[in-house]
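Residue-level structural notes
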Amino acid sequence: MDDYGFWGSWLAVGLAAVGTFIWRFAGVLLASKIPAQSPLMDWVNTMAYAMVAGVLMLMLVHPTGILAASGLDDRLLGLVTGVGAMMLTKRLILSLLCGILMFAASLHLF
Amino acid sequence: MSISETVALTAPQMRRIAAIDALRAPAYALAATMAGFATIAREAGFDVWMAVTTSALVWGMPGQVAFASLYSAGASLFIIFFAVTLANMRMLLMVVSAADMMHLHMHKLPLWRRVILMQCLAITSWAHLAVAETTYPRHLLLPYFQGFSLTLYASGMLGTVFGYFLPDMVPPDLLQIIIFITPIYIFLLIATARQKANRLAVAFGGILCPVFYPVAGEWSILLAGVMGGTLAIGYARFIAKWHLEERR
């Protein structure tokens, strides 16, 4: 906190909040402009799905913080196991458990 | 429950069901993710109030992480603002998509209430809305979202506080496993989206983003989203249709 001081660090928090809020606000305004069940709305939806998938894969492939201490192979093995279980069983919590357990096992065994 | 049985539910009942849905698993996973943020924030030099305020007001993991890492690097306030803004740009599309899913226009809420509602939107509640859409009638999706997202919000705040003090108590190996839960959980949810175009978008976006990242950095999310989403809808609309016509 020495770099910014008391007011500087809270100003940084405020700026981070504003930087997110503008998108939410713009989204609320834009949502009332786009007609439901239109090709444009379908496109917005696929882009939202692709962005969310991208964010998640970034967390897994290029993680920050404590997850970065695990290996890429551990994380991908967990992901593949989870997705595989989901395709076979169609049961979310069960598949989640498979993925997590595989990640845990991979961390400790390999 | 089938749709016909759920039509008779009142809004408060729906909120309660949604809150219980959230407490089944996603609330813990999200609390763990926010705990992960809090450990990064603490290393970056945040006090616990700054960490909680950031979780409450930003309420979007990639932006929060970008903020904490730049803060620890001593980046200028302008750079912080720019990076967080860029990292949370997907909120725009998620808000539009969520408003569409819960048929927000039917409810005729004033602007300030719609804004407060969307302040609570997170990836988890957005992904769960897509699941609820297949189970509950449209007029109940707004109360569902309210119950679900408020429960998540509360557990996110608790998770941030716990996470701030947690590293003292939990071994790092266990913490890694806990933090691993949320990305996998959401990925499984969206990878089984009802519409084929959306599942394709998950595949394209998920592959493109880490590929772009070494070159494009924070821009990779935007790039992968636009390209992946456009490819997916293009494939579903034109190429798949063309196949259909071929076969006739």
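Okay, so let's go over this structure. (Residues numbered from 1 in each chain as written. Chains lettered and ligands numbered in written order. Predicted model: local features only at pLDDT ≥ 70, side-chain atom pairs only at ≥ 80, totals over all residues. Heavy atoms only, no water.)

1. Describing the overall build of chain B
- Helices and strands together make up the secondary structure of chain B, namely 14 helices and zero strands.
- Helices (α) and strands (β) of chain B occur, in sequence order from the N terminus, as α-α-α-α-α-α-α-α-α-α-α-α-α-α.
- Seen through its principal axes, chain B has C-alpha atoms that stretch 60 × 45 × 40 Å.
- Considering chain B as a whole, with its 248 residues, one finds that 58% of them fall into the buried category.
- Contacts in chain B between residues far apart in sequence, at least 24 positions, make up 75% of those at least 6 positions apart.
- Of the roughly 10600 Å² of accessible surface on chain B, 69% is carried by carbon and sulfur atoms.
- With 16 positive and 11 negative side-chain charges, chain B shows a separation of 13 Å between the mean positions of the two kinds. (Helix = DSSP H or I, 4+ residues; strand = E, 2+ residues; numbered from the N terminus. Buried < 20%, exposed > 50% of the residue type's maximum accessible area, 1.4 Å probe, protein only. Contact = heavy atoms within 4.5 Å. Areas by Shrake-Rupley, 256 points an atom, 1.4 Å probe, with all protein chains shown as cover. Lys, Arg positive; Asp, Glu negative; His and termini not counted. Charge placed at Lys NZ, Arg CZ, Asp CG, Glu CD.)

2. Brief notes about the packing of aromatic side chains
- Scanning all chains against the criterion turns up 15 aromatic pairs over all chains.
- With a centroid separation of 5.2 Å and 75° between ring planes, the pair formed by Tyr164(B) and Phe165(B) is classed as edge-to-face.
- Overall, the relative accessible area of 11% leaves Tyr164(B) in the buried class.
- Overall, the relative accessible area of 38% leaves Phe165(B) in the partly exposed class.
- An aromatic cluster of at least three residues, connected via ring pairs, comprises Tyr4(A), Phe37(B), Phe46(B), Phe67(B) and Tyr71(B).
- Over the aromatic face of Tyr164(B) sits the side chain of Arg42(B), whose NZ or CZ is 5.7 Å from the ring centroid. (Phe/Tyr/Trp six-rings, centres within 6.5 Å; stacked < 30°, edge-to-face > 60°. Lys NZ or Arg CZ within 6 Å of the ring centre and 35° of its normal.)

3. Quick word on helix 2 (residues 11-24) of chain B
- Its 14 residues place the ends of helix 2 of chain B 20 Å apart at the C-alpha level, agreeing with the 20 Å of an ideal helix rising 1.5 Å per residue.
- On the buried face of helix 2 of chain B, the contacting elements are helix 3 (26-44) and helix 11 (141-165) of chain B. (Expected span 1.5 Å × (residues − 1).)

4. Looking at the interface of chain A and chain B
- Counting residues at the interface gives 75 residues for chain A, matched by 88 residues for chain B.
- The three residues of chain A that bury the most area against chain B are Trp23(A), Arg24(A) and Tyr49(A), which together make up 12% of that side's buried surface.
- Across the contact surface, chain A and chain B share one salt bridge.
- Across the salt bridge formed by Asp42(A) and Arg237(B), the nearest N and O atoms sit 3.0 Å from each other.
- At the boundary of chain A with chain B, the tally comes to 14 residue pairs in polar contact (both at pLDDT 80 or more).
- Counting only elements with at least two residues in the side of chain A that touches chain B, the list comes to helix 1 (5-31), helix 2 (39-61), helix 3 (72-89) and helix 4 (92-109) of chain A.
- The leading source of residues in the side of chain A that touches chain B is helix 1 of chain A, at 23 residues.
- The residue makeup of the side of chain A that touches chain B, split by class, is 52 nonpolar, 19 polar and four charged. (Buried area = accessible area lost by both parts, 1.4 Å probe. Salt bridge = Lys/Arg side-chain N within 4 Å of Asp/Glu carboxyl O. Polar contact = N/O pair within 3.5 Å; in protein donor to acceptor, adjacent residues only side chain to side chain. Nonpolar A, V, L, I, M, F, W, Y, C, P; charged D, E, K, R; others polar.)

5. A short note on the pattern of salt bridges
Residues and elements named next belong to chain B.
- For the structure on display, the rule yields three salt bridges over all chains.
- We note a salt bridge from Glu-133 to Arg-194, for which the minimum N-O separation is 3.6 Å. Linking Glu-133 in the loop between helix 10 (123-132) and helix 11 with Arg-194 in the loop between helix 12 (172-191) and helix 13 (196-216), this pair joins segments that are 61 residues apart in sequence.
- Its relative accessible area of 26% is what places Glu-133 among the partly exposed residues.
- Given a relative accessible area of 54%, Arg-194 falls into the exposed group.

6. Comments concerning the environment of Arg199(B)
Residue and element names in this part refer to chain B.
- Here Arg-199 is to be found in helix 13.
- The partly exposed category is assigned to Arg-199, whose relative accessible area is 35%.
- Spatially, the C-alpha atom of Arg-199 lies 8.3 Å from that of Ala-232, the residues being 33 residues apart in sequence.
- Excluding anything up to four places from it in sequence, Arg-199 contacts Ala-191, Thr-192, Ala-193 and Arg-194.

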